[in-house]
Amino acid sequence: MTPPVVVVTGAAQGIGAAVARRFAAEGHAVVCVDRNAAVAALADELGGRAVVCDVRDEQAARSLASSLDRCDALVNNAAVWHLSPLLDTSVDEAVEVLTVNVVAPLVWMRALVPVMVRTGGGSVVNLSSVTSAYTATGTGLYPMSKAAVESLTRAAALELARDAVRVNCVAPGMVVTEGTQAAYGTDDEQRRARGQVIPLGRMGEPRDIAEVVAFLCSPAAGYMTGQVLWVDGGFTIGGNEYFRIARSRSGGHPTSPLPD
Ligand SMILES: NC(=O)c1ccc[n+]([C@@H]2O[C@H](COP(=O)([O-])OP(=O)(O)OC[C@H]3O[C@@H](n4cnc5c(N)ncnc54)[C@H](O)[C@@H]3O)[C@@H](O)[C@H]2O)c1
């Protein structure tokens, strides 16, 4: 029997790479999509397949879809952000954030959901962020794009339920990845300081998120669709305590490293 197939976008590093590893470990054939050609090394390591493209490239998504006999899961993980105040956000930056973070998940669903439907259904997980609700100064249109991807998720879940395609979101809190080094700092001391204001006492690791993505794609979540699961170590349950402390200590940008 052919193994289940999962397509993970933004798989070259960070959360996407952890998600690809998690699915490979449970026997999925993994398709790793990224604009960074380094994704090929991960695909090789996992015995999977790499697609090097920009996630906004609809032709690349359609070409992959036409080559697949089955597609059991799609994880729309690739995203970009520009850390600048709203009024310093250029139109080009705004368009990039909205097209990569919101339109591209639609592009990959348009291409791959028909493959899922052909084989009896599947699961889509879109990566959101706790900033969809707890916005922060200096993060441009990123929070808005994540609120939009949650809305997209609910709309898709409603329309695709009758085809047995479930669509959910995972909203991470602060997770240590290559992409968040500029915002969260690179040394252990900075990360430890940030971790102290999170109820569970540490910043997240990519595998914390990968586990929940895998759960949402599994039969154990078979009665869940249109939902957003926050995976943030309790970061947001305390009235956005982190941002309050960061602001009061630094008097500045809430994502800048916390001073001692
Ligand atoms: N790390 C966090 O703290 C955090 C918090 C909340 C939400 N998230 C979300 O989790 C997801 C992964 O975050 P991460 O920290 O692992 O990111 P990251 O920057 O480390 O990795 C993102 C990957 O996406 C790829 N990518 C970006 N734009 C692309 C494009 N146009 N075409 C193809 N590939 C593209 C990059 O090359 C990179 O490999 C994102 O959706 C992000 O918004 C992360």
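To be clear, the structure that these remarks concern was listed above.
The shown structure was predicted, so the numbers you read here are calculated from the model rather than taken from an experiment. (Residues numbered from 1 in each chain as written. Predicted model: local features only at pLDDT ≥ 70, side-chain atom pairs only at ≥ 80, totals over all residues. Heavy atoms only, no water.)

Focus: the overall build of the chain
For clarity, the cut-off: We count a stretch as a helix when DSSP gives it H or I for four or more residues in a row; a strand needs E for two or more, and each element gets its number in order from the N terminus. Radius of gyration means the value over C-alpha atoms here, while the globule rule gives 2.2 Å times the residue count to the 0.38 power. Between buried and exposed lies partly exposed: a residue is buried under 20% and exposed over 50% of the maximum accessible area for its type, with that area taken using a 1.4 Å probe on protein chains only. Residue contacts follow a heavy-atom distance rule, with two residues in contact if any of their heavy atoms lie within 4.5 Å. Under the convention used here, a 1.4 Å probe and the Shrake-Rupley method define accessible areas, while residue burial counts only the protein chains that appear. Charge assignment in this entry is limited to Lys and Arg as positive and Asp and Glu as negative, and neither His nor the chain termini are counted. Charged side chains are reduced to one point each, which is NZ for Lys, CZ for Arg, CG for Asp and CD for Glu.
For the chain, the helix and strand inventory stands at nine helices and seven strands. Relative to the globule expectation of 18 Å for 260 residues, the C-alpha radius of gyration of the chain, 18 Å, shows essentially globular dimensions. Once the C-alpha set of the chain is aligned to its principal axes, its extents read approximately 55 × 35 × 35 Å. Looking at the chain as a whole, 52% of its 260 residues are labelled buried. Restricting the contact set of the chain to residue pairs at least 6 apart, pairs at least 24 apart contribute 68%. Within the structure as shown, the chain displays about 11700 Å² of accessible surface, and the carbon and sulfur contribution to it stands at 55%. For the chain, the distance from the average site of its 21 positive side-chain charges to the average site of its 26 negative ones is 4 Å.

Here's the deal with the side chain of Ser 132
Looking at the secondary structure, you find Ser 132 in the loop between β5 (122–127) and α5 (142–160). Residues in contact with Ser 132, not counting those within four places in the same chain, are Pro 143, Lys 146, Ala 147 and Glu 150.

Structural notes on the site of the ligand
Spelled out, the test is: We call a residue near a given molecule or strand whenever any one of its heavy atoms falls within 4 Å of it. Identification of polar contacts relies on pairs of N or O atoms within 3.5 Å, with a donor-acceptor requirement for protein atoms, meaning one able to donate a hydrogen and the other able to accept it, and with residues adjacent in sequence counted only if both atoms are side-chain atoms. Residues are grouped as follows: Ala, Val, Leu, Ile, Met, Phe, Trp, Tyr, Cys and Pro are nonpolar; Asp, Glu, Lys and Arg are charged; every other residue, Gly included, is polar.
Close to the ligand lie 29 residues; Asp 34, Asn 77, Tyr 142, Val 175 and Thr 177 are nearest. Side-chain polar atom of Thr 177 to an oxygen atom of the ligand: 2.6 Å apart, as the coordinates give it. The fraction of the free accessible surface of the ligand (830 Å²) that becomes covered by protein chains is 95%. Only α1 (14–25) and α5 provide two or more residues apiece to the shell around the ligand. Of the residues contributing to the shell around the ligand, the split by class is 15 nonpolar, ten polar and four charged.

With respect to the packing of aromatic side chains
Note the threshold: Working definition: a ring pair exists when centres of Phe, Tyr or Trp rings (six-membered ring for Trp) sit within 6.5 Å. Plane angles under 30 degrees give stacked, over 60 give edge-to-face, the rest tilted.
In the structure shown here, the tally under the stated rule is two aromatic pairs. Judged by centre distance (5.5 Å) and plane angle (70 degrees), the ring pair of Trp 81 and Tyr 142 falls under edge-to-face. Here Trp 81, found in the loop between β4 (73–76) and α4 (91–118), pairs with Tyr 142, found in helix α5; they are 61 residues apart in sequence, far enough to count as distant. Judged by centre distance (6.1 Å) and plane angle (80 degrees), the ring pair of Tyr 134 and Trp 230 falls under edge-to-face. Of the two residues, Tyr 134 sits in the loop between β5 and α5 while Trp 230 sits in strand β7 (residues 228–231), which places them 96 residues apart along the sequence.

Interpretation in functional terms is not warranted from these geometric data alone.
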